[in-house]
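So you can see what is in the structure, the chains are spelled out below.
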Amino acid sequence: MPENKHNLAAGNVSFWNDPAKRSLVFQAILFLAVFAVGYIIYQNTQHNLESRGITTGFEFLDAEAGFGIIQSLIPYDETHSYGTTFIVGLLNTILVSALGVFFATILGFLIGVARLSHNWLIARVAAVYIEIFRNIPLLLQIFFWYFAVLRLLPGPRQSLEFADIAFLNVRGVYLPSPVLGEGFGWVLAALVLALIAIFFIKRWAKRRQNETGDQFPVFWASLGVLIGLPFIVFLLSGASLQWEIPELKGFNFRGGLTIIPELSALLIALTIYTAAFIAEIVRSGIESISKGQTEAARALGVSPGKTLQLVIIPQAMRVIIPPLTSQYLNLIKNSSLATAIGYPDLVSVFAGTTLNQTGQAIEVISMTMAVYLTLSLLVSLFMNWYNKRMALVER
Amino acid sequence: MKKIGLVAAATAISVSFASASISADTLSTVKKKGYLNCGVSTGLPGFSNPDDKGKWQGLDVDVCRAVAAATLGSEKKVKYIPLTAKERFTALQSGEIDILSRNTTWTLTRDVSLGLNFAGVNYYDGQGFMVSKSLGVKSAKELDGAAVCIQSGTTTELNLADYFRQHGMKYTPVVFDTSDQTVKGFEAGRCDVLTSDQSQLYALKIKLSKPNNAMVLPEIISKEPLGPVVKQGDDKWFNIVKWSLFAMVNAEELSLTSDNIDAKKKAKNPEVKRFVQSDGPIAKQLGLSQDWAYQVVKQVGNYGESFDRNVGKNSPLNIDRGVNALWSKGGFMYAPPMR
């Protein structure tokens, strides 16, 4: 009867010699100590800020900002508040991070697979790419793309033209922007409908393959539905979409969609730099799969493409995902190098200009740190969830 | 960039723990260190810029040298710390520097909410615009829709927004960290206009590879009184910086220069006498030696000398004295009497 024995023993052991009680006490003391230190720091900071005449608190977020920002995803002008500059900077950070993660993943996978290609030339080009871009500091690469490459573009009046609707110059890329007319809502509805249809097609195809063994070209069918359905609705609803084409007026192009060179340079640098790391992760992931897997698949008559898609990559993903998560986190944090070239990200707009205009260093810096922490934790959470899903289900 | 984060983190930490430093006075800290930490710009010809031997020079640098001469007896005992516009106030608040002498505009917000004190004005400036001549623009009112290069975290950024709003015009702000990057952006054609304080425009213009292709527009859209800044809560230090600057201005008024001040030591003029050998308890109350004002003028020169040497007629900038002339000569420069 172990339980009784334990009780007996506990009764005899003094309070300090019982490991369970002792660890509880120590944990309580540690918790109190951490709390007390935190409280002292807070109090002290408050006191010192006050005695130095530095304004504290978050009231500044409601004050009018009074400065312009070159790119904002939400309506913003000088009359908006510092709180809005925070959102503008945050969205710009998320924009460049999301695009960066997207492109770096695609490029990284392509290069990683190319590195293992049997074609000598392709494999060498991939290797050279990885070694070059992995070993040059990111800041230098950003400067290179911004100051050396993009600066060679012509001025607004000598812009490079593409069929008279798109323009490229030192101030950025100018594209026609869609102007949605009435009835465009139907097209969006059709798009949603198409997505739902694809979901069911996929389910149906899988069931049919399980039952009869016949394969259905899911990919092509889905693509057809995805493009075809909205297009038919678009025509039926009166083709209510127009394009606003940028025009040279005064100093520069107006109208249309503008991609500022600061975004392009940062995005190119982040993508190319991170892709080099992702490529190595993909390569090591694929190499970790035993050669027997490929041979077995080939012996069954599975094509090389399908082998990679259905046998190798799914197994390699288990090795790839954890380090891939780190690369995504790096990319998000590296996007703060934006200030070096004036891309209006969170650090540049909020921890830079807003901090300087208001002088609220502690509030602004803690908000900025909280944002990066939250973003990183969210990505990490998502990737862990995805990792669990991809993990090998052992039977 | 990264530095601003560091500086801000340093403030957070030092503000958190160093409650003692608020009571410790800057003068004794400086004397103990043996040198003065002076925050300057990252390089602005005429105001604070290292020369080809790496020695800092300029109108703002002369304020640092004057304070060092007054407090430590030697204008050489200064450590210059280059700061961007974004970093400067945090550096001062955290005690990383003893004086900020970096073309900083005196504004109400900065005076009351940052825990800082402005110790006077050493240059009266105003914001202007520089464009390239090929643009064919003659006035700032023709700038509707222009892309404007600008340094981040400055009053300039706010004035610009105000000006365009007031005149119902639109602009694209292209914001850089340092004035160097701003010039690069302007040269590369990233923007049509560079805006800054007029004095800076002249200084930046000579940095261009083809200075003659650019021109400064006639409009001045703001008041920019520039001067040294100290931390709030140390009146003694505040007084020392203030009066080091006033000593330079007063010396010009009394026609005392670094060359003739030795000869004037025995002058009969009571004002000059007070200046050269400030006898009585005043020097002691300032916490300085008897000859502090003499040292300032002997080692650094009077305000006029400093102006001519750095930004005026003896410098490549060749800026007119204009409103920065002495009050007796039609300008704004006026220092309280030393008595």
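Residues numbered from 1 in each chain as written. Chains lettered and ligands numbered in written order. Predicted model: local features only at pLDDT ≥ 70, side-chain atom pairs only at ≥ 80, totals over all residues. Heavy atoms only, no water.

For clarity, the cut-off: UniProt positions are given in the numbering used here, feature names are shortened, and annotations may be inferred rather than shown by experiment.
In the nomenclature of an unreviewed UniProt entry, chain B corresponds to Transporter substrate-binding domain-containing protein from the organism Spartinivicinus poritis. Under the heading Sequence similarities (unreviewed entry), UniProt records this for chain B: "Belongs to the bacterial solute-binding protein 3 family."

By the naming in an unreviewed UniProt entry, chain A is Amino acid ABC transporter permease, taken from Spartinivicinus poritis. Taken from UniProt, the Sequence similarities (unreviewed entry) comment for chain A reads in full: "Belongs to the binding-protein-dependent transport system permease family. HisMQ subfamily."

Details of the UniProt feature "transmembrane region" (unreviewed entry) in chain A
All names here are of chain A. Note the threshold: Think of it this way: any DSSP run of H or I at least four residues long counts as a helix, any run of E at least two long counts as a strand, and we number them from the N terminus.
Residues given the UniProt feature "transmembrane region" (unreviewed entry) here are residues 24-42, 86-114, 126-148, 184-205, 217-243, 263-282 and 364-386. Taken end to end, residues 86-114 has its terminal C-alpha atoms 41 Å apart, with 100% of it in helix and 0% in strand. Taken end to end, residues 126-148 is 87% helix and 0% strand, and its first and last C-alpha atoms sit 24 Å apart.

What about the UniProt feature "domain: Solute-binding protein family 3/N-terminal" (unreviewed entry) in chain B?
Under the local residue numbering, the UniProt record ascribes the feature "domain: Solute-binding protein family 3/N-terminal" (unreviewed entry) to residues 35-264 of chain B. With 32% helix and 23% strand, residues 35-264 of chain B has end C-alpha atoms that lie 29 Å from one another.

Brief notes about the nonpolar core
Using the following cut-off: As used in this record, nonpolar core signifies buried Ala, Val, Leu, Ile, Met, Phe, Trp, Tyr and Cys residues forming a set joined through side-chain atoms within 4.5 Å. Each residue's exposure class comes from its accessible area (1.4 Å probe, protein chains only) as a fraction of the maximum for that residue type: buried when under 20%, exposed when over 50%, partly exposed otherwise. In this analysis, two residues are considered to be in contact whenever any of their non-hydrogen atoms come within 4.5 Å of each other.
Counting residues in hydrophobic clusters, the biggest one holds 145 residues, and the most contacted among them are B:Trp237, B:Phe275 and B:Trp292. Ranked by the residues each element gives to this core, the list is headed by helix H8 (residues 261-287) of chain A, at 15 residues. Those residues in contact with B:Phe275 that lie beyond four places of it in its chain are B:Ala247, B:Asn250, B:Ala251, B:Leu254, B:Leu256, B:Ile261, B:Ala293, B:Tyr294, B:Val297 and B:Met338.

Notes on the confidence of the model for chain A
Put simply, the test is: A score from 0 to 100, pLDDT tells how confident the predictor is in each residue.
Counting all residues, the mean pLDDT for chain A is 86, and 95% of those residues have values of 70 or more. Here helix H1 (residues 2-12) of chain A is the element of chain A with the lowest mean pLDDT, 53, and helix H4 (residues 120-134) of chain A is the one with the highest, 95.

Some thoughts on the interface of chain B and chain A
Quoted interface sizes are often the accessible area lost when the parts come together. Going by this rule: Note on definitions: salt bridges are taken to be side-chain nitrogens of Lys or Arg within 4 Å of carboxyl oxygens of Asp or Glu. Here a polar contact is recorded for every N or O atom pair within 3.5 Å, except that within protein the pair must consist of a potential hydrogen donor and a potential acceptor, and residues adjacent in sequence are included only if both atoms are side-chain atoms. Side-chain classes follow a simple rule in which Ala, Val, Leu, Ile, Met, Phe, Trp, Tyr, Cys and Pro form the nonpolar group, Asp, Glu, Lys and Arg form the charged group, and the remainder, Gly included, forms the polar group.
Contacts between the two partners involve 56 residues from chain B and, on the opposite side, 45 residues from chain A. Linking chain B with chain A are 3 salt bridges. Measuring nitrogen to oxygen at the nearest pair gives 2.7 Å for the salt bridge that ties A:Arg171 to B:Asp192. Connecting chain B to chain A are 11 residue pairs in polar contact (both at pLDDT 80 or more). Listed by contribution, the elements that provide at least two residues to the side of chain B that touches chain A are helix H1 (2-17), helix H4 (88-93), helix H5 (108-113), strand S9 (146-151), helix H6 (155-166), strand S10 (171-176) and helix H7 (179-187) of chain B. Here the side of chain B that touches chain A is built from residues that sort into 26 nonpolar, 17 polar and 13 charged.

A few points about the environment of B:Leu160
As for its position among the elements, B:Leu160 is in helix H6. B:Leu160 sits 11 residues away from B:Tyr171 along the chain, and the two C-alpha atoms are 9.2 Å apart.

Side note on helix H6 (residues 184-212) of chain A
Residue and element names in this part refer to chain A. The following threshold applies: Multiplying one less than the number of residues by 1.5 Å gives the expected span of a helix.
With 29 residues, H6 should reach 42 Å at 1.5 Å per residue; the first-to-last C-alpha distance of 41 Å fits that figure. If you check which residues of H6 are buried, you get Phe 184, Val 187, Ala 190, Ala 194, Ile 198, Ile 201 and Ala 205. Each element contacted by the buried residues of H6 is listed here: strand S4 (177-180), helix H7 (218-236) and strand S5 (241-244). Note on H6: the residue one or two positions beyond its end, Gly 213, has a positive phi of about 85°.

Concerning the sheet that holds strand S11 (residues 193-197) of chain B
Within a sheet, each strand pairs with its neighbour through backbone hydrogen bonds, oriented either parallel or antiparallel. All names here are of chain B. For clarity, the cut-off: Two strands qualify as a pair provided that DSSP identifies no fewer than 2 bridges between them. Lines fitted to the C-alpha atoms define the axes, with helices restricted to the stretch that makes contact. Angles between their N-to-C directions range from 0 to 180 degrees.
One open sheet holds the 5 strands; their spatial order is S10-S9-S11-S8-S12, and the pairing between them is mixed. Each edge of the open sheet carries a strand with a single partner, namely S10 and strand S12 (214-216). Ignoring which end each strand starts from, the neighbouring axes of this sheet average 30° apart. With 3 bridges connecting them, strand S8 (residues 127-132) and S12 associate as antiparallel partners. Across the sheet, the residue bridging to Ser 132 is Ala 214, located in S12.

Looking at the packing of aromatic side chains
Centre distance and the angle of the planes are the two values used to describe a pair of aromatic rings. What counts, and what does not: Two rings belonging to Phe, Tyr or Trp (six-membered ring only in the last case) form a pair when the distance between their centres is within 6.5 Å. Interplanar angles under 30 degrees mark stacking, angles over 60 mark edge-to-face geometry, and anything in between is tilted. Charge over a ring is defined by NZ of Lys or CZ of Arg lying within 6 Å of the ring centre and within 35 degrees of the ring normal.
The full count for this structure, using the stated rule, is 26 aromatic pairs over all chains. A ring pair is formed by A:Phe143 and A:Phe147, whose centres lie 5.7 Å apart and whose planes are at 35°; its orientation type is tilted. Placement of the pair is A:Phe143 and A:Phe147 together in helix H5 (residues 138-149), with a separation of 4 residues, close to one helical turn. Classification of A:Phe143 as partly exposed rests on a relative accessible area of 23%. Summarising the aromatic geometry, the rings of B:Tyr303 and B:Phe307 are spaced 6.1 Å apart at their centres and angled 50° between planes, so their arrangement reads as tilted. You can see B:Tyr303 and its partner B:Phe307 sitting in helix H13 (residues 303-310), 4 residues apart, about one turn around the helix. B:Phe307 matches B:Tyr303 in its accessibility class, with the two residues each being buried. Pairwise contacts between aromatic rings join A:Phe58, A:Phe60, A:Phe67 and A:Tyr82 into one cluster. Its end group placed over the ring of B:Phe238, B:Lys242 keeps NZ or CZ at 4.2 Å from the ring centre.

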